[in-house]
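Observations on the three-dimensional arrangement
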Amino acid sequence: MALNLQVKVHPVVLFQIVDAYERRNADSHRVIGTLLGSLDKGVVEVTNCFCVPHKEYDDQVEAELSYAMDVYDLNRRVNSNEAIVGWWATGHEVTNHSSVIHEYYSRECNNPVHVTVDSSLQGGRMGLKAYVCVALGVPNGKQGCMFTSIPIDVTCYDPEVFGLQLCQKTMSAGSGRPRSVNPMLDLTQVAEAGGKMSSLLDQVLSYVEDVLANRVLPNNAVGRSLLDLVNSVPHMSNEQFSEMFNSNVKDLLMVITLSQLIKTQLQLNEKLTLLTSI
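Residues numbered from 1 in each chain as written. Predicted model: local features only at pLDDT ≥ 70, side-chain atom pairs only at ≥ 80, totals over all residues. Heavy atoms only, no water.

Per an unreviewed UniProt entry, the recorded name for the protein is Eukaryotic translation initiation factor 3 subunit F, and the organism is Rhamnusium bicolor.

Per the secondary structure count, the protein includes 7 helices and 10 strands. Relative to its length of 278 residues, the protein is extended, with a C-alpha radius of gyration of 25 Å against a globular reference of 19 Å. In terms of its C-alpha atoms, the protein occupies a principal-axis envelope of roughly 80 × 75 × 45 Å. A burial count over the protein gives 23% of its 278 residues as buried. (Helix = DSSP H or I, 4+ residues; strand = E, 2+ residues; numbered from the N terminus. Rg over C-alpha atoms; globule rule 2.2 N^0.38 Å. Buried < 20%, exposed > 50% of the residue type's maximum accessible area, 1.4 Å probe, protein only.)

For the rest of this paragraph, the subject is the sheet that holds strand β7 (residues 113–117). Read across the sheet, 8 strands follow the order β9-β8-β7-β6-β2-β3-β1-β10 without closing on themselves; strand pairing throughout is mixed. Looking at strand neighbours, the two that pair on one side only are β9 (143–150) and β10 (152–154), the edges of this open sheet. For this sheet, the mean inter-axis angle between neighbouring strands, taken without regard to orientation, is 35°. With 9 bridges connecting them, strand β2 (residues 32–40) and strand β3 (residues 43–52) associate as antiparallel partners. Across the sheet, the residue bridging to glycine 37 is valine 46, located in β3. Most of the contacts of helix α2 (residues 65–78) go to β3, to which it runs at about 125°, and overall it touches β2, β3 and β6 (83–90). (Pairing = 2+ DSSP bridges. Axes fitted to C-alpha atoms, helices over the stretch in contact; angles between N-to-C directions. Contact = heavy atoms within 4.5 Å.)

Right, let's talk about the pairing of β6 for a bit. Sheet faces and side chains relate simply in a regular strand, where the side chains alternate between the two faces. Among the 8 residues in β6, 7 count as buried, and that is most of the element. The sheet contact formed by β2 and β6 spans 6 bridges and is antiparallel. In the sheet register, glycine 33 faces β6, and the bridge partner there is tryptophan 88. In this fold, β6 hands off to helix α3 (residues 98–108), which returns the chain to β7; that crossover is right-handed. (Right-handed = clockwise from strand over helix to strand, strands pointing away.)

This part is about the packing of aromatic side chains. Counted by the stated rule, this structure contains 3 aromatic pairs. Both rings, one in tryptophan 87 and one in tyrosine 105, keep their centres 6.2 Å apart while their planes meet at 10°; by these two values the pair is stacked. Within this pair, whereas tryptophan 87 is found in strand β6, its partner tyrosine 105 is found in helix α3, the two being separated by 18 residues in sequence. The residues tryptophan 87 and tyrosine 105 share a single accessibility class, namely buried. Ring centres 6.3 Å apart and planes at 20° place the aromatic pair phenylalanine 241 and phenylalanine 245 in the stacked group. Highlighted residues: phenylalanine 241 and phenylalanine 245, both in helix α7 (residues 238–277), separated by 4 residues, approximately one helical turn. Three or more aromatic residues joined by ring pairs make a cluster, and in this case those are Trp87, Tyr104 and Tyr105. (Phe/Tyr/Trp six-rings, centres within 6.5 Å; stacked < 30°, edge-to-face > 60°.)

Following this line, the structure appears as structure tokens:
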């Protein structure tokens, strides 16, 4: 059953792992921690994590397990839906001490997953791998375990996508200095998304025209994807689309107005409280 698992990691987890690696002690070559999330229908969704201080020697591993349980209990008070689903470590491979650490997490949850984040950037990229531990051995004989790779992917909520796009804009091509970027207004975001969609549609039309003109060999996988994309578009007239769009715009403007009113009331309350306390 463990081999049928699939791992989906949110970007905030990767940011926390990289931050923990950057803040590690000078004598530490590897950082480990606990993965938090949920398991549903064979999919392990990792939404949070935290670092666990530890020290590795040639023949043993020392980890502050009491600290790990205290942090987990505090996190459960904030978000009771997040449970322990495994553990993470920096590095591009599984080490000899991984089985010892994995044994502890096997007591905390069923079929824990082990995620490795390549902080050394082997091959010029931050590799991301996931493993499960499979028991090996013969009956009434020696028993062992083996880490087996399972599929892993990065998934995002809509706010996380916007945050990643904003972070990507801070990267300056050519120079090593990061750029300062401010969040865009809602209409600016809509205009930028529309421009990107128009560019993608031009690429799709160019590919279809090249296939029809026998300039490019057809790809069945691309054709099926385009067919699914066309079938996913709801069939409606221009009047129906305009009515739906205008209704959504009115709802958005109403939410913006209410949020501004609440912000103004909070500011007035803060000033009145400050005046009455003098």
